Amino acid sequence: EPEVTQTPSHQVTQMGQEVILRCVPISNHLYFYWYRQILGQKVEFLVSFYNNEISEKSEIFDDQFSVERPDGSNFTLKIRSTKLEDSAMYFCASSEWGGGTDTQYFGPGTRLTVL
Amino acid sequence: GQNIDQPTEMTATEGAIVQINCTYQTSGFNGLFWYQQHAGEAPTFLSYNVLDGLEEKGRFSSFLSRSKGYSYLLLKELQMKDSASYLCAVRDGNAGNMLTFGGGTRLMVKP
């Protein structure tokens, strides 16, 4: 069964550094998402991406964050100048067509630790 | 905004049935999802409801009442491996495809 994959599984970085989290969505899916989950808290939406542009973004997704689909398979989340509070699990998700019964399938996540 | 409430924790016995409730408030309801999440892992899709009624999928069933803003997930014949968090998530048609998640219900299945 096709799966969303993410790399790396763990990332440790120093405060102020930039990180890029990578995702390979399911191949025939057209909508891509990033969510995050701070330890012990709820899953929170960051951004959705369709047709090479951002569809929706939350208040969390400020100028520190950016997303890109650099080629036909990868979908990346860049966090500039990381802060301690960016430490969380970041999940990529993808869905086929974005409406109706469309289901979002989540990748295994990247655990980001900012020191 | 949206408000999604579910109990924080529940405990049940292996072989039993458990019902996990979720209430929500949203302006443009466009579907409710249940996900299972084991500790440190990704949410895994369990079920989807957009119309009132019961959707059954093996040991798992999910019910929706749109007029009451209420859903439940029913797990039958509980197994130890069902110990996990169960996340209720709502899609608001006025907010595109984003999902808003509840805090999750941590279910402990005991022998």
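This write-up is about the structure you can find in this document. These numbers come from a predicted model, not from an experiment.

**Some thoughts on the overall build of chain B**
Counting secondary structure elements, chain B contains zero helices and 11 strands. Reading chain B from its N end, one meets helices and strands in the order β-β-β-β-β-β-β-β-β-β-β. In terms of C-alpha radius of gyration, chain B reaches 13 Å, essentially the compact-globule figure of 13 Å for 111 residues. The C-alpha extent of chain B, read off along each of the three principal axes, is 45 × 30 × 20 Å. Classification of the 111 residues of chain B by burial places 50% in the buried group. On chain B, roughly 5200 Å² of surface is accessible, and the fraction owed to carbon and sulfur atoms is 48%. In chain B, 9 side chains carry a positive charge and 10 a negative one; their mean positions are 1 Å apart.

**Describing the environment of D82 of chain B**
All names here are of chain B. Along the chain, D82 turns up in the loop between β8 (70-75) and β9 (84-92). A relative accessible area of 2% means that D82 is categorised as buried. On a C-alpha basis, the gap between D82 and Y35 in space is 12 Å, while along the polypeptide they are 47 residues apart. In this structure, D82 is in contact with Q36, R59, F60, L75, E77, L107 and V109, ignoring residues within four places of it in sequence.

**Side note on the interface of chain A and chain B**
Every contact between the two is made by 22 residues of chain A and, on the other side, 19 residues of chain B. A combined buried area of about 1600 Å² lies between chain A and chain B, and 55% of that area is made up of carbon and sulfur atoms. Among the residues of chain A in contact with chain B, K42, V43 and F106 of chain A are the three that bury the most area, contributing 26% of the side total. The interface formed by chain A and chain B holds zero salt bridges in total. Applying the counting criterion to the chain A and chain B interface returns five residue pairs in polar contact (both at pLDDT 80 or more). The set of elements that each furnish at least two residues to the side of chain A that touches chain B consists of β4 (31-37), β5 (43-50), β9 (88-95) and β10 (105-106) of chain A. Counting residues per element, the side of chain A that touches chain B draws most heavily on β4 of chain A, at four residues. Residue composition of the side of chain A that touches chain B, grouped by class: 10 nonpolar, eight polar and four charged.

**A few points about the sheet that holds strand β6 (residues 53-57) of chain B**
Residue and element names in this part refer to chain B. The five strands are arranged β1-β3-β8-β7-β6 in an open sheet whose pairing can be described as antiparallel. The outermost strands of the open sheet, each flanked by one partner alone, are β1 (3-5) and β6. With direction set aside, neighbouring strand axes in the sheet form an average angle of 15°. Relative to strand β3 (residues 18-25), β1 runs antiparallel, the two being bridged by three bridges. Across the sheet, the residue bridging to N3 is Q25, located in β3.

Cut-offs applied
Residues numbered from 1 in each chain as written. Chains lettered and ligands numbered in written order. Predicted model: local features only at pLDDT ≥ 70, side-chain atom pairs only at ≥ 80, totals over all residues. Heavy atoms only, no water. Helix = DSSP H or I, 4+ residues; strand = E, 2+ residues; numbered from the N terminus. Rg over C-alpha atoms; globule rule 2.2 N^0.38 Å. Buried < 20%, exposed > 50% of the residue type's maximum accessible area, 1.4 Å probe, protein only. Areas by Shrake-Rupley, 256 points an atom, 1.4 Å probe, with all protein chains shown as cover. Lys, Arg positive; Asp, Glu negative; His and termini not counted. Charge placed at Lys NZ, Arg CZ, Asp CG, Glu CD. Contact = heavy atoms within 4.5 Å. Buried area = accessible area lost by both parts, 1.4 Å probe. Salt bridge = Lys/Arg side-chain N within 4 Å of Asp/Glu carboxyl O. Polar contact = N/O pair within 3.5 Å; in protein donor to acceptor, adjacent residues only side chain to side chain. Nonpolar A, V, L, I, M, F, W, Y, C, P; charged D, E, K, R; others polar. Pairing = 2+ DSSP bridges. Axes fitted to C-alpha atoms, helices over the stretch in contact; angles between N-to-C directions.

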